[in-house]
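Chain by chain, the residues:
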Amino acid sequence: MKTDTEAFAGGVAVITGAGAGIGSGLARRAGELGMTVVVTDISSERAEAVAAEIKAKGGRAEAMVVDVSKPAELDRLAAEVVDRFGDVRLLVNNAGIETIGYTWEIPADRWEATLNINIHGVVHGVRAFAPYMLEAGKEAWIANLASVGAFSVMPTQTAYIMTKHAVQSFTECLYLEMQLKQAPIHVSSIMPGMLKTSIFEAAAGKGEPEAASAHRKAMFDLMANYGMDLAEGCQRILEQVAEGKFWVSTQPEMTQAAVDGRIQFFRDQSPPFLAGEAKQLLGID
Ligand SMILES: NC(=O)c1ccc[n+]([C@@H]2O[C@H](COP(=O)([O-])OP(=O)(O)OC[C@H]3O[C@@H](n4cnc5c(N)ncnc54)[C@H](O)[C@@H]3O)[C@@H](O)[C@H]2O)c1
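Below, the structure is looked at part by part. (Residues numbered from 1 in each chain as written. Predicted model: local features only at pLDDT ≥ 70, side-chain atom pairs only at ≥ 80, totals over all residues. Heavy atoms only, no water.)

By nearness alone, 29 residues border the ligand, and Ile22, Asp41, Arg46, Tyr160 and Thr197 come closest of all. Within the backbone of isoleucine 42, an N or O atom sits 3.3 Å from a nitrogen atom of the ligand. One of the side-chain nitrogen or oxygen atoms of arginine 46 is found 2.7 Å away from an oxygen atom of the ligand. Mapped by element, the contributors of at least two residues to the shell around the ligand are helix H2 (21-33), helix H6 (158-180) and helix H7 (199-203). The residue makeup of the shell around the ligand, split by class, is 16 nonpolar, 9 polar and 4 charged. (Near = heavy atom within 4 Å. Polar contact = N/O pair within 3.5 Å; in protein donor to acceptor, adjacent residues only side chain to side chain. Helix = DSSP H or I, 4+ residues; strand = E, 2+ residues; numbered from the N terminus. Nonpolar A, V, L, I, M, F, W, Y, C, P; charged D, E, K, R; others polar.)

Structural data, given as structure tokens:
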């Protein structure tokens, strides 16, 4: 078991969606620890800004534009990174978007974007990079962004929640596949409770139905008031990833509460139910 300063004192880190939020926090922390950080994002401006920040602090970073919803862009990224920087030690499939609204009111293209970015972005990140990492045969780490939402349900956050359930089961199977291969590759599922990021602002005006704006505002306020500081959360994440933990939580009590609720649901085989806080959030009660 390694500490973050042992595991990530050098080597190459590739992080998707690293131009803002959790991806940017992880990129900054990986840069501080001594890694060469490939800061990828769909926005070149944001990726460049984060890479510049890392370099200004004496770190090594390169910005690259990658849209994770396009598998060919992830193939190109993997080939280019290995060619230019060498073996990848840490891959974080982080890029993700929120989508709020009744299932039948979300436009088809927003559904497609949510599934393509949140699910296929992770799948094809692994598909593109894993062969190089296996071929290198060195100790390496793959971490995918799930959520405490992987263990709960929430009406009108259906599109987002189902993608996180999918990432969680994908990551569990990937862990077992690496075991089957006896590969020296650690696999982690990252389940942030709530970190202060721009995810709810980013969702605004992107095909989200107007009726969803009150729910989004409630989530935005919750994050602003109770979200964990980004730098602290990202430090916690990389410490646990370095240790090779599969379950990586920023707020373990939130993960536990979500898991307990899920276990109760399975054990009782009850109809789906909403916890008190979720009702408040939705303005029910
Ligand atoms: N913030 C939280 O509390 C929280 C909780 C649980 C899970 N997560 C997960 O963490 C991840 C990051 O979320 P965040 O809160 O930092 O979001 P954010 O909106 O602050 O940042 C997301 C970044 O991803 C980029 N991005 C969007 N679409 C992309 C695409 N197609 N290709 C490449 N990059 C793209 C954006 O440009 C942005 O820089 C997501 O997977 C999210 O589901 C976040």
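On we go.
The next point concerns the packing of H2 against helix H9 (residues 230-242). Following both chains from N to C, one finds H2 and H9 inclined at 65°, their axes separated by 9 Å at the closest point. Regarding H2 and H9, the two cross each other, and that crossing is right-handed. Contacts from Gly21, Ile22, Ser24, Gly25, Leu26, Arg28, Arg29, Ala30 and Leu33 in H2 reach Leu230, Cys234, Gln235, Ile237 and Leu238 in H9. Within the contact of H2 with H9, the residues separate by chemical class into 8 nonpolar, 4 polar and 2 charged. (Axes fitted to C-alpha atoms, helices over the stretch in contact; angles between N-to-C directions. Left-handed = near helix turned anticlockwise from the far one by under 90°. Contact = heavy atoms within 4.5 Å.)

This paragraph deals with unusual backbone geometry. Only a minority of non-glycine residues have a phi that is not negative, and only a minority of peptide bonds are not trans. You will see that threonine 156, though not glycine, has its phi angle at about 70°, which is positive. Within the secondary structure, threonine 156 sits in the loop between strand E5 (140-145) and H6. Positive phi outside glycine occurs at glutamine 269, with the angle close to 45°. Summarising the element assignment, glutamine 269 is placed in the loop between helix H10 (252-268) and helix H11 (276-281). On the accessibility criterion, glutamine 269 (71% relative accessible area) is exposed. (Buried < 20%, exposed > 50% of the residue type's maximum accessible area, 1.4 Å probe, protein only.)

Glancing now at the sheet that holds strand E2 (residues 36-41). If you trace the 7 strands from one edge of the open sheet to the other, you get E3-E2-E1-E4-E5-E6-E7, paired in parallel fashion. Edge strands, defined here as strands with exactly one partner in the open sheet, are strand E3 (60-65) and strand E7 (247-249). Averaged over all neighbouring strand pairs, the angle between strand axes comes to 20°, with direction disregarded. With 3 bridges connecting them, strand E6 (residues 185-191) and E7 associate as parallel partners. By the bridge assignment for E7, methionine 191 is matched with serine 249. On the sheet, helix H3 (residues 44-56) packs against E2 and E3 and is oriented at approximately 175° with respect to E3. (Pairing = 2+ DSSP bridges.)

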